[in-house]
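# Inside the fold
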Amino acid sequence: HFPCSLHSIAFSMRDKSMEPEILSGDIVVIDPQIEPLPGDLVLIRVIHADTLVLRKYSRAPAGGVVLLPTNPLWEEIRLTSQEWEADVRLIGVMSERTTPRRA
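Residues numbered from 1 in each chain as written. Predicted model: local features only at pLDDT ≥ 70, side-chain atom pairs only at ≥ 80, totals over all residues. Heavy atoms only, no water.

Across its full length, the protein chain carries one helix and seven strands. Along the protein chain, helices and strands appear, N-terminal first, in the series β-β-β-β-β-β-α-β. Against the compact-globule benchmark of 13 Å for 103 residues, the protein chain has a radius of gyration of 14 Å, which places it among compact chains. Considered along the principal axes of its C-alpha atoms, the protein chain spans approximately 45 × 35 × 25 Å. About 6,700 Å² of surface is accessible on the protein chain, with carbon and sulfur atoms providing 55% of the total. Distance between charge centroids for the protein chain: 5 Å, based on 11 positive and 14 negative side chains. (Helix = DSSP H or I, 4+ residues; strand = E, 2+ residues; numbered from the N terminus. Rg over C-alpha atoms; globule rule 2.2 N^0.38 Å. Areas by Shrake-Rupley, 256 points an atom, 1.4 Å probe, with all protein chains shown as cover. Lys, Arg positive; Asp, Glu negative; His and termini not counted. Charge placed at Lys NZ, Arg CZ, Asp CG, Glu CD.)

The structure is reproduced here in C-alpha cells:
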C-alpha cells in the first residue's frame, strides 16, 4: 500500500524515455494533488503538441522549468515561466511505480 489521493491515475509505460529508472511495462501512479518539487517525476500535457510527457521536474536557474528524461538518448524540455503557465497543464506527480513480475 502507498499513499495517494482519490483522484490518482495509474498507467503502464509504453516508451523508453525514462529508462533505466522506469521500464516499458512498469505501472506508474500519478497524483494530481501533489505539488512538484525538484527531482519529482511529473506528468504534463503539452497543449500545442497535444502530448503527454513524463519527466523529472527541475527549476531553471534563470527562472522557468527544466524537464529531464532519465534516458540520456531523449531530450530535456526547457520552458520559460510563461510557457509553463500558458502551454503546459500539470497532470500530477508520480507517487508510486511498480514493476510487474516478469515471466
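Having seen the model, we can carry on.
Moving on, we get to the pairing of strand E7 (residues 88-98). Examined bridge by bridge, strand E2 (residues 27-31) and E7 share five bridges and lie antiparallel to one another. What sits directly across from Val29, in E7, is Glu96. In the sheet, strand E3 (residues 41-46) pairs with E7 via five bridges, with the strands oriented antiparallel. Note that in E7 the partner of Val46 across the bridge is Val88. (Pairing = 2+ DSSP bridges.)

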